[in-house]
Structures are given as structure tokens and as C-alpha cells.
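# Structure assessment
Residues per chain, in single letters:
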Amino acid sequence: THASGNVARIYRSDGTVHGRVNSYSGYSKPLGEPACAYLAESYLQIGDWRFSVYDATHLSVAHRDGYTSAIYRTDGTVHIMPHNRPRIDFNGWTMPTEEALMGSDEGCAPHDPPEPNVLQIGKDWKLAQMYDVNHFSFSARQQEGQSGNEAQTAMIFRNTGTIHPGPRFDYNAWGEVPTYSGSPPRFGARTLEIDHWRIRQIDDTHLSITHEDGNVARIFRSDGTVHGNINNFSGYATAALGDPTCAFLTEGFVQLGDWRLAEFDDEHLTVSHRDGKTSAIYSRSGKVSYGPTTDYNAWNFGIGDILQGSAEGCVSISGASMDSQSVTSTPEILVKFSSDLADDIKGIEDLFKVYDAANVESEIVIIGAALEKGDHSTLKLALSSEPSSEVSYQVSTVGAVPTKDPLETVPAGSIQDLMFASWNYLQIGNWRLAHVCTLCVNSHFSISSSTNMNTAQIFRQDGTLHPGPRKDYNGFDVGANTGPTYSLSGDSVQFGNLVVQVRDWRIRQIDATHLSVTHASGNVARIYRSDGTVHGRVNSYSGYSKPLGEPACAYLAESYLQIGDWRFSVYDATHLSVAHRDGYTSAIYRTDGTVHIMPHNRPRIDFNGWTMPTEEALMGSDEGCAPHDPPEPNVLQIGKDWKLAQMYDVNHFSFSARQQEGQSGNEAQTAMIFRNTGTIHPGPRFDYNAWGEVPTYSGSPPRFGARTLEIDHWRIRQIDDT
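Presented here is an overview of the structure given in this document. Computed from a predicted structure; not experimentally measured.

Looking now at the overall build of the chain. The helix and strand tally for the chain stands at zero helices and 69 strands. In summary, the chain has a C-alpha radius of gyration of 35 Å against a globular reference of 27 Å for 722 residues, an excess of more than 25%. C-alpha extents for the chain along the principal axes are approximately 130 × 75 × 50 Å. Partitioning the intrachain contacts of the chain with sequence separation of at least 6 by distance along the chain shows that 57% fall at a separation of at least 24. Summed over all atoms, the accessible surface of the chain reaches about 32700 Å², with 49% contributed by carbon and sulfur. Averaging the positions of the 56 positive and the 85 negative side-chain charges in the chain gives two centres separated by 7 Å.

This is the structure we're talking about:
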């Protein structure tokens, strides 16, 4: 308005502009004391309006409710409401509030309602309810050097349960004003609530984004997959938000139970599960890609400072049972937690109590504690005496138990009933052969590792195979629905004549050539053959074709499980192999969850567990193991690192060295091969190596004669003085 009373321009909060209506004169009353009228570095604020330097090119006039009435450009042009649709871009109310340089910011009334429905994650991402209560978005800050109007929206969720992926510029909380309500974003029980929307962990497996109407716009699953509108997974199925429990905001991520929405790096927001799978990756370019993948997983990030919410309840005791697999004389309890414990557990046994549930004063003294090998989420508590199976015991925490993250603890007062159960698995080093998934209709048997908790192979009751890599059906994941099962009868693992039975599965040597994995129904899921090949469902090779029998040449050692002429061997830190004593390897399972069988139709002879020394039987019996026929290996060891051996056949003889420290036996080097034709074949090479492969056998061990060593068809002899 001019002092004459003429009004040159009227801006209205609905985004429209109007001309000369002098009843809206700015001179209709005195100037008054300065109140909510001030100049900041980037804008001029007059009550609910801002004249903002939105970027290097634009000056905008916008209302705090979200509409922009006018945009002035450095090229001298003016841009107002196009096509009778009010503008919501270039709004200076998306900019942070600044210090008053002139005038006064006192008296600026809060927004009514007062709270913006937006939560910022990291420095570049916002989760926000946009435009109305029916739309929710994941949006990114503009790239360096761009205008806020160029910020990209990666995903829009609608109250109808539909999704609308980017890249797009609308519904962006960096470039436009979010909705407001009476409450700021709130954390509850594994839940984030932003006005009419909830992101909630529904169960052990699922996280959902739900509108208050009950429609589920997105479901993320722990196996890395994503799913659409299935209302059974609604975040409003339980109406109450609950107290903040394992739901919190840090500088880099939001954690909701076993899930993290994290600013993974300068370009990506990811949704990832504690078990290692990432379900969704949102890019600042506005694009989205889905899992399952193990990339962009934010669970190796430290928590740091908690800005909002609470980490209480993130870690709990998920199970406690007597360790039926223990090979020590000391009774031990396995206590399973939902997260890894701290590496330093000195004195941790003082934080636990084992007692009669009917008489808390009747305790069993805990005399020691150790982390389970390869599984820091399981603690072994050694007891002074054996608990009676006639008494109901409980395990409780009497102090806060530290985890790998200092901000997460198992609270004092956590209680778990002690199960007198025998686990349905055989453990060989960092591997388990396990009956898994109590609730599954079909019986499942898996080969899995504690390293990165990968499952390499699943055998199913119907005789089908399901290879990894995957995270479910893992024999170490005691707290999961698809984890190992247990038996109350105490007969979870039984050894027999060339056979071991785990619950309702048998691994049996059928004859001199075949080993099979069979379900009690008679379906054969896998056949290993001594020529290094593998075969599928041929039920005539069933391990249930005859009784279990008395234990004979079927036993568990520290590094292998031997069934007759076969070994399941922990060959090194990465590989579990299934190999026959004659030298062929039928299958190799890796800790990354992959399976490797005969390549290019050539049987494998590497990773053979029969190159490992024979060990003491811990379970089962090594009696009845027939000697090799012929009985003697054609090899002589010199010192601790060298072997002279006849390899593959009678025509080859080698000098081979043990692998270097930290290497696999498959990396042992052969320095020289001698052939029956009189030729030599120098290394370095990996084949013909008696440390990584099985030598030939004959009726006689290496023999010494007159200045001579004889190894089967080869002699090393001093011929004369020279």
C-alpha cells in the first residue's frame, strides 16, 4: 500500500493475487511497536508471510500454510498462479528460521495447528505427510547447486494403499510445506507415527507403512522382499501407539525394532533388516530399487546420540535351554538374545540368576560364561550342578547386560523359562545340520553357517532342494520362527549303523558308493556319489529302508561328521565339504550361502576332508570304520610343511607344501610333479597337492631300503657316490 491509501497488490493465503481493493490498505491503522515483522539473511517475514530469496534466481512471496502467491525472477519476469491452480513450490516456509537482523521476531504466533508432520533423517531425507492427510512421501533434498524446487520425491504412499514412485518434484517436503497437526512425529512400540500414518514392525518378519484408514501401502519383509496392500499387516491393528520401545531417531537413521530407515550415504535412503537383507533403496535422483540384496544395509552403523524415542526393549532374551550338545562334563545353559552381546563379557555371569520358579531363593550357582563359538547372540552359562528335570527353572537378569552397541542393553529383570530340550541339530565348527521351522507344514532340514548367518541349503520333506544364499531356515537363529527346533524327548540326534538321524531326517551311507539325505516319509532329497557327482530324488536310496541299528562308524568329531566312507568337514573358516575317502568331493557349501558342485562335468578333488587328520569321536561311535582298501596312503611327511606323495594314480609323484598361515588347504602349493614318462612339471600350482587332495593308496606304506625310499611305484635312491 502507498501512503495515499492506494493498494497496489494483495496476496492471499490461497495462493491468489488481487489488485486495487483499498479496504485492504496497510495504512488503516498506526505502525505500532515491532512485532513479528523482521528482516533475516534470506527472507523478510511479515506475520504469516515471507518474501524469500528461495535460490539464486527466485524471490517468492508465500504463506506459511503452503501456498506461494508470487514468484519474481532475476530475468525480470513475474510468475503467479498458473491455470487457476495455486502454486505450492518455491515456498520460503520450507527454509529454516533465521535470526532477525532488523525488526523483531517476537509476537510471531505458532502455526495453528502447531506441529509440522515431517521427520528428517540424516541431512538429506524427509518423511512427511504432504498436501492432506491422505498422502505420505519419502523425499530428498536437492542436489548441490540446485534449487529446492528441483528436490526429488522418491515415493508417495496414498491412503488407498497404492504407491506412486518417483522421480517427481511434487509432494516434496524440501520444496513444499508439509501438513500440520496438533502433535509432532511420535515414537511408540516399534512404531513411528506421523499424524495419520504409521510405520510399524508388525512381527518378527514384517514392517509396514499404513494409513489410519487401515490400508497398507507398503510391506517390507526380512527376506528382502516388498509387498503391497495386505491389510492383515496394518500398523493400526493394535490401536494403541504404546510407549516408545525400540523406536528412535539418530543423526543417521530411524530404528523400529529390527528395521532401520537410514541415510546410507550421500545419495541413498535404505530400508534394511537386522538379519542382513535390504528391502528398498531410495535415491536422491528420485528412483527406487527393491531387494532382496545385502548391499546398502545399515546395521553396521553405530547408534550414536538418540535424538527422539527410546532404544529400550531393542534387545531381549529370546530363549533359554539346557545345552544338550555340550561335550563337557559341566552342565551348561544356552541363553539366546535378539542381538549380539559385547565382545568383552568378563564377569557377565554375575548379571544372571538361575532359580526354581516356585522358590526364587533356590538358586543354582553360575560358575562361568562364554559366548557361543561363531554366534555372539548366544551365551553359555556354566552351572555348578545339573538342574533337575522335575523342577521348573527360570533364567533372569539381575543387571543390565551389555550388547555390542553401548546404547542397547538387556534390561535387568528380564525373565525366560528354562527349557529342558535337546536341539535338533549337529554342529560342526561354525556350521549346523539342523531340523528347522517348528511351524512349517513340511519338515525342513538345512545346512547353515553362523558366519553372517547364511543358509546354504534347505532340504524339504517332499524331496525338493532349495539352495541359498538366504537368511531364513538357519540352524543358528534360535529366536526365529524358521530357526532350529528342539525335542523334549531327548532323542533329537541319534547315531546308528553308518547313519545319523536328526529329528525326522537321516544321513546314511547306503552302499559303498552312495550317501543320501532322506526324510522319514521316504523321500530322498539328495544323493552324494563317490565319483563326485550329486543326484536328486531317487527313493530307492532311502535312509529309512532299514532300522537305525547300533552306532557303527557314524560319529561327530570336532572338525567333521563321518558317516562310513564320507565326511562332512569344516575344511576351513569358509567351506563345509561333503567328500568320499577315495578322493572325490561331491559338494562344497560356503559361508556366503552358496553351493558348489561338480563344475564342467569334471569331478572335484579339492576341499576334501579326508586330507585332515582323524579326530576323537565326540558323539556316536568310530568303531566299525573299515580301513581303506588298500589300507596305506602313499605319502610321507617331512617336517611340518612338506609331503612326498604318489598322487591321482601310479604315474604321478609330487613334492607339495602346506598352505601358508591363514590360507585354505585348497591354496597349498605344489612345487614339483614327476611323471612316469620321465618328465617333470614344476610349480607353482595347486593340483597334485597332498595337503589339499587325497593321495593314492596301496598295500604297503612308504618303505626304506638300501639308501632308498620307496613310495608304491616310485623310488628315491642314491645310485652311487655321486
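On to a nonpolar patch on the surface. A cluster of nonpolar side chains, namely Leu39, Leu44, Ile46, Leu101 and Met102, defines an oily patch on the protein surface of about 450 Å² accessible area. Its place among the elements puts methionine 102 in strand β9 (residues 102-104). Judged by its relative accessible area of 56%, methionine 102 is exposed.

Going through the model one piece at a time under the given rule, you end up with four disulfides. One disulfide bridge connects cysteine 246 with cysteine 314, the sulfur atoms lying 2.0 Å from each other. With the S-S bond torsion at 100 degrees, the cross-link from cysteine 246 to cysteine 314 turns out right-handed. Of this pair, cysteine 246 sits in the loop between β22 (226-227) and β23 (247-250) while cysteine 314 sits in the loop between β29 (306-310) and β30 (317-322); the two residues are 68 residues apart in sequence, bridging distant segments of the chain.

Taken in spatial order, the four strands of this open sheet run β30-β31-β35-β34, and their pairing is antiparallel. In the strand order of this sheet, the two ends are held by β30 and β34 (366-372), each with one partner. Shown here is a sheet whose adjacent strand axes are inclined to one another by a mean of 20 degrees, direction ignored. Judged from the six bridges that link them, β34 and strand β35 (residues 375-383) form a sheet pairing that is antiparallel. Along β35, the bridge assignment pairs isoleucine 366 with leucine 383.

Attention now goes to the side chain of histidine 111. Locating histidine 111 in the fold gives a position in the loop between β9 and β10 (115-116). Within the structure, the side chain of histidine 111 is placed 2.9 Å from the side chain of aspartate 65, a separation counted as a polar contact. In terms of polar contacts, histidine 111 uses its side chain to reach the backbone carbonyl oxygen of proline 113, at 2.6 Å. Look past the residues within four positions of histidine 111 in its chain and what remains in contact with it is Arg64, Asp65 and Tyr180.

Turning our eyes to something else, we now look at the pattern of salt bridges. With the rule as written, the count across this model stands at 26 salt bridges. One salt bridge in this structure joins aspartate 641 and lysine 640, with 2.9 Å as the shortest N-O distance. Judged by relative accessible area, which is 26%, aspartate 641 ranks as partly exposed. If you follow the salt bridges from partner to partner, you end up with Lys123, Asp124, Arg141, Asp266 and Arg284 in one network.

Pairing is antiparallel in the open sheet, where six strands are placed in the order β47-β48-β49-β50-β51-β52. The outermost strands of the open sheet, each flanked by one partner alone, are β47 (493-496) and β52 (534-535). Note that strand β50 (residues 514-519) and strand β51 (residues 524-529) share five bridges and pair antiparallel. The residue bridging valine 517 from the neighbouring strand is arginine 526, located in β51.

What follows is about the pairing of β47. The side chains of a regular strand alternate between the sheet's two faces. As judged from the four bridges shared by β47 and strand β48 (residues 499-502), these two strands associate in the antiparallel manner. What sits directly across from phenylalanine 495, in β48, is valine 500. In textbook terms, the turn of a hairpin is the stretch between consecutive antiparallel strands, and for β47 and β48 this stretch comprises two residues, one of which, leucine 498, has a positive phi near 60 degrees.

Glancing now at unusual backbone geometry. Looking along the chain, the bond that leaves aspartate 112 and enters proline 113 is cis, with omega of 0 degrees. Omega for the peptide link from glycine 683 to proline 684 comes to 5 degrees, which places this bond in the cis form. Along the chain, the position of proline 684 falls in strand β65 (residues 680-685). Even without a glycine there, the phi angle at phenylalanine 90 is positive, about 55 degrees.

A few words now on the pairing of strand β5 (residues 49-53). Note that strand β4 (residues 43-46) and β5 share four bridges and pair antiparallel. From the neighbouring strand, isoleucine 46 faces β5, where its bridge partner is tryptophan 49. The turn joining β4 and β5, which pair antiparallel and follow one another in sequence, is formed by two residues; a positive phi near 60 degrees is taken by glycine 47. As defined by bridge partners, β5 adjoins strand β6 (residues 58-63) across five bridges and the pair is classed as antiparallel. For serine 52, the partnering residue across the bridge sits in β6 and is serine 60. What sits between β5 and β6 in their antiparallel hairpin is a turn of four residues.

For the structure on display, the rule yields 27 aromatic pairs. Ring centres of tryptophan 423 and tyrosine 425 lie 6.3 Å apart, and the angle between their planes is 25 degrees; this geometry places the pair in the stacked category. Assigned by exposure class, tryptophan 423 and tyrosine 425 land together as buried. Across the ring face of tyrosine 43, the terminal group of arginine 50 is positioned such that the distance to the ring centre comes to 4.0 Å. We note arginine 506 situated over the ring of tyrosine 544; from NZ or CZ to the ring centre the distance is 4.1 Å.

Below, the discussion takes up the environment of serine 279. Of note, serine 279 is situated in strand β27 (residues 278-283). By relative accessible area, which is 1% here, serine 279 ends up buried. Separated by 225 residues in sequence, serine 279 and tyrosine 54 place their C-alpha atoms 36 Å apart. Ignoring any residue separated from it by four or fewer positions in sequence, one finds serine 279 in contact with Phe220, Arg221, Gly224, Thr225, Val226, Trp259, Val271, Ser289, Tyr290 and Gly291.

So, about the environment of lysine 353. Take lysine 353: it is sitting in strand β32 (residues 352-356). Judged by its relative accessible area of 19%, lysine 353 is buried. What lysine 353 contacts, discounting residues up to four positions off in sequence, is Val360, Glu363, Ile366, Gln394, Val395, Ser396 and Val398. A polar contact is formed between the side chain of lysine 353 and the backbone oxygen of valine 360, at a distance of 3.3 Å.

Criteria and thresholds
- Each chain has its residues counted from 1, following the order in which its sequence is written.
- With the structure being a predicted model, the display of local features is reserved for residues of pLDDT at least 70 and the display and counting of side-chain atom pairs for 80 or more, all residues being used for whole-chain, interface and lining totals.
- Water and hydrogen atoms play no part in the side-chain values, which are based on all heavy atoms of the structure.
- Numbering of helices and strands runs from the N terminus; a helix is a DSSP stretch of H or I covering at least four residues, while a strand is a stretch of E covering at least two.
- We take the radius of gyration over the C-alpha atoms and set the globule estimate at 2.2 Å times the residue count to the 0.38 power.
- Contact definition: two residues touch when any of their heavy atoms are within 4.5 Å.
- Only the protein chains shown count as cover for residues, and the accessible areas themselves come from Shrake-Rupley with a 1.4 Å probe.
- Positive charges are assigned to Lys and Arg, negative charges to Asp and Glu, while His and the chain termini are left out of the count.
- A charged residue contributes its charge at one atom only: NZ of Lys, CZ of Arg, CG of Asp or CD of Glu.
- The patches reported here contain residues having more than 30% relative accessible area and no salt bridge. Joining distances are 9 Å for like charges and 5 Å for nonpolar side chains (Val, Leu, Ile, Met, Phe, Trp, Tyr).
- Any Lys or Arg side-chain nitrogen located within 4 Å of an Asp or Glu carboxyl oxygen qualifies as a salt bridge.
- Each residue's exposure class comes from its accessible area (1.4 Å probe, protein chains only) as a fraction of the maximum for that residue type: buried when under 20%, exposed when over 50%, partly exposed otherwise.
- Only a pair of cysteine sulfur atoms within 2.5 Å qualifies as a disulfide here.
- Strands qualify as paired when DSSP identifies two bridges or more between them.
- Helix axes are fitted only over the stretch in contact, all axes being lines through C-alpha atoms; the angle between N-to-C directions runs from 0 to 180 degrees.
- The term polar contact refers here to a pair of N or O atoms within 3.5 Å; inside protein, the definition further demands a hydrogen-donor-capable atom paired with an acceptor-capable atom, and it admits residues adjacent in sequence only when both atoms are side-chain atoms.
- Stacked, edge-to-face and tilted labels apply to pairs of Phe, Tyr and Trp rings (six-membered ring for Trp) whose centres lie within 6.5 Å, assigned for plane angles under 30 degrees, over 60, and everything in between, in that order.
- Any Lys NZ or Arg CZ found within 6 Å of a ring centre and within 35 degrees of that ring's normal is scored as a charge over the ring.

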